[in-house]
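Notes for the structure review
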Amino acid sequence: MNLAEKLKEAKEESFEKWFERWYEEQDLEKKLINAASQGYTKYKIGIQEDYEDVSRFSDRRKYLNRRLRNPLTIEKISIELGEGIKVEYIKDKKSTNFLGMTRYYFSDWIEITW
């Protein structure tokens, strides 16, 4: 096995371990059932809100955000939740203009709809 294959295997193994722990910890099925019983048709897993300063995130938070933004996470959540549930990554960018200065706000999340 060459180095590239070893790196790929290590990355995949690490992701699988992280996802299993994270998914179990989230108890998403219970949260979705609770949201549906309250009349909601979607559930949002926030990654970064537009008012948050990324530079102030802890290393743990940065790690979690990197994992949540990984397309494999969306795919795995979709597989775990099954048919009839739509899972997608959403990225939003807003701007405000004050005295000729433009400020951009960024937020992203995983949205689960049923």
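These remarks concern the structure in this document. This structure is a prediction, so every number in the text was calculated from the model and none was measured.

The strand order β1-β3-β2 describes an open sheet built from three strands, whose pairing is antiparallel. Because the sheet does not close on itself, it has two edges, and the strands there are β1 (42-48) and β2 (86-98). Within the sheet, the average angular offset between the axes of one strand and its neighbour, ignoring direction, is 30 degrees. With six bridges joining them, β1 and strand β3 (residues 101-113) adopt antiparallel strand pairing. Following the sheet pairing, I45 is matched in β3 by I110. Sitting on the sheet, helix α2 (residues 28-37) is in contact with β1 and β3, with an inclination near 125 degrees to β1.

Counted by the stated rule, this structure contains six salt bridges. Note that E16 and K76 form a salt bridge whose closest N and O atoms lie 3.1 Å from each other. Placement of the pair is E16 in helix α1 (residues 3-26) and K76 in helix α4 (residues 71-81), with a sequence separation of 60 residues. Given a relative accessible area of 31%, E16 falls into the partly exposed group. Linking K86 and E88 is a salt bridge whose minimum nitrogen-to-oxygen distance equals 3.7 Å. Exposure remark for K86: the relative accessible area of 48% places this residue in the partly exposed category.

So, about the environment of Q26. With respect to the secondary-structure elements, Q26 resides in helix α1. Taking relative accessible area as the criterion, Q26 reaches 16% and is therefore assigned buried. Along the primary structure Q26 and R69 are separated by 43 residues, whereas in three dimensions their C-alpha atoms are 16 Å apart.

To continue, consider the packing of α1 against α4. Across the interface, α1 lies against α4 with an axial gap of 11 Å and an inter-helix angle of 50 degrees. In terms of their interaxial angle, α1 and α4 are classed as oblique. Viewed along their axes, α1 and α4 form a crossing whose handedness is right-handed. Residues F15, E16, W18, F19, W22 and Y23 of α1 form the contact with α4, whose participating residues are L72, T73, K76, I77, E80 and L81. For the contact of α1 with α4, the per-class residue count stands at eight nonpolar, one polar and three charged.

Thresholds applied
Residues numbered from 1 in each chain as written. Predicted model: local features only at pLDDT ≥ 70, side-chain atom pairs only at ≥ 80, totals over all residues. Heavy atoms only, no water. Pairing = 2+ DSSP bridges. Helix = DSSP H or I, 4+ residues; strand = E, 2+ residues; numbered from the N terminus. Axes fitted to C-alpha atoms, helices over the stretch in contact; angles between N-to-C directions. Contact = heavy atoms within 4.5 Å. Salt bridge = Lys/Arg side-chain N within 4 Å of Asp/Glu carboxyl O. Buried < 20%, exposed > 50% of the residue type's maximum accessible area, 1.4 Å probe, protein only. Parallel < 35°, antiparallel > 145°, perpendicular 65-115°, else oblique. Left-handed = near helix turned anticlockwise from the far one by under 90°. Nonpolar A, V, L, I, M, F, W, Y, C, P; charged D, E, K, R; others polar.

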